[in-house]
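# Examination of the molecular architecture
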Amino acid sequence: MRPHELARYRFSGRWTLSAPCGAVYRALERVDDYPRWWPEVREARRTGEASGRVLVRSFLPYDLRMEIRAVRREPETGVLEAALSGDLEGWMRWTVRPAGRGTLVLHEQETDLTKPLLRLLGVPGRPLLRANHALMMCGGRRGLETFLAGGGEAV
């Protein structure tokens, strides 16, 4: 691994949800509502038509502050993509597709750690940081499933 890649992380995952694609896409599109259903997203607020700020904290005792700016919104193909800046620099993408009577959500993310403590822990703590991300994604999937099953009410 090259020195500049030591702080780079690539993630991908799949969520299978019982809600219809349109409802899932709309929920994922509204980042400012994430704290209503995603426990690890502690704060989110819109800063512009296609941008916002979020504060994220999973199992490990550190906060991540990020700016999120939509760069691609395609309801017809089910793709949402955003640029990330702040404690993480990079991008993330959701792809929402029909799956039987429900929805398959694909998540892809590539980020570089910019927060000094995380950069310091980036190599020795890599397994722990990856596990922390996995826990956060599990919380998101469970929260979104519950949120949508309740008609979009806060969990």
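Further up the page is the structure itself.
A short tour of the structure in this document, coming up. On a predicted model such as this, the values are computed, not experimentally measured, just so you know.

### Observations regarding the nonpolar core
The biggest cluster of nonpolar side chains holds 40 residues, and the ones touching the most others in it are Trp-15, Val-24, Leu-28, Trp-38, Trp-94 and Leu-144. Setting aside chain neighbours within four positions, we find Val-24 in contact with Leu-17, Ala-19, Val-96, Thr-103, Val-105, Leu-144 and Leu-148.

### Structural notes on the pairing of strand S4 (residues 64-74)
Two strands pair when backbone bridges link them, and strand S3 (residues 51-56) and S4 are joined in this way by six bridges, in the antiparallel orientation. Directly across from Val-56, in S4, lies its bridge partner Leu-64. Counting the residues that bridge the hairpin from S4 to strand S5 (residues 79-86) gives four residues, and of these Gly-78 lies at a positive phi of roughly 75 degrees.

### A word on a nonpolar patch on the surface
A surface patch of nonpolar side chains, amounting to about 300 Å² of accessible area, comprises Leu-117, Leu-120 and Leu-121. Position of Leu-117 among the secondary structure elements: in helix H3 (residues 116-121). Owing to a relative accessible area of 47%, Leu-117 belongs among the partly exposed residues under this scheme.

### A few points about the side chain of Glu-81
Counting through the fold element by element, Glu-81 comes out in strand S5. You can call Glu-81 buried: its relative accessible area is 17%. For Glu-81, the side chain forms a polar contact with the side chain of Arg-93, separated by 2.7 Å. Excluding residues that lie within four positions of it along the chain, Glu-81 makes contacts with Arg-69, Ala-70, Val-71, Arg-72, Met-92 and Arg-93.

### Some points on the sheet that holds strand S6 (residues 88-99)
Strands sit in the order S1-S7-S6-S5-S4-S3-S2 across an open sheet of seven strands; the sheet is antiparallel. A strand with exactly one partner marks an edge of an open sheet, and here the two such strands are strand S1 (8-17) and strand S2 (41-48). The average angle at which neighbouring strand axes cross in this sheet is 20 degrees, direction not considered. Together, S1, S2, S3, S6 and strand S7 (102-113) form the strand contacts of helix H4 (residues 126-149), whose direction differs from that of S1 by roughly 25 degrees.

### Description of the packing of aromatic side chains
Counted according to the given criterion, the structure contains seven aromatic pairs. Relative to Phe-11, the ring of Tyr-9 lies with its centre 5.9 Å away and its plane at 15 degrees, an arrangement referred to as stacked. Across the pair, Phe-11 and Tyr-9 agree in class, each one buried. An angle of 55 degrees between the planes, with centres 5.0 Å apart, marks the rings of Trp-15 and Trp-94 as tilted.

Scoring rules and cut-offs
Residues numbered from 1 in each chain as written. Predicted model: local features only at pLDDT ≥ 70, side-chain atom pairs only at ≥ 80, totals over all residues. Heavy atoms only, no water. Core = buried A, V, L, I, M, F, W, Y, C linked by side-chain atoms within 4.5 Å. Buried < 20%, exposed > 50% of the residue type's maximum accessible area, 1.4 Å probe, protein only. Contact = heavy atoms within 4.5 Å. Pairing = 2+ DSSP bridges. Helix = DSSP H or I, 4+ residues; strand = E, 2+ residues; numbered from the N terminus. Patch = residues over 30% accessible without salt bridge, like charges linked within 9 Å, V, L, I, M, F, W, Y side chains within 5 Å. Areas by Shrake-Rupley, 256 points an atom, 1.4 Å probe, with all protein chains shown as cover. Salt bridge = Lys/Arg side-chain N within 4 Å of Asp/Glu carboxyl O. Polar contact = N/O pair within 3.5 Å; in protein donor to acceptor, adjacent residues only side chain to side chain. Axes fitted to C-alpha atoms, helices over the stretch in contact; angles between N-to-C directions. Phe/Tyr/Trp six-rings, centres within 6.5 Å; stacked < 30°, edge-to-face > 60°.

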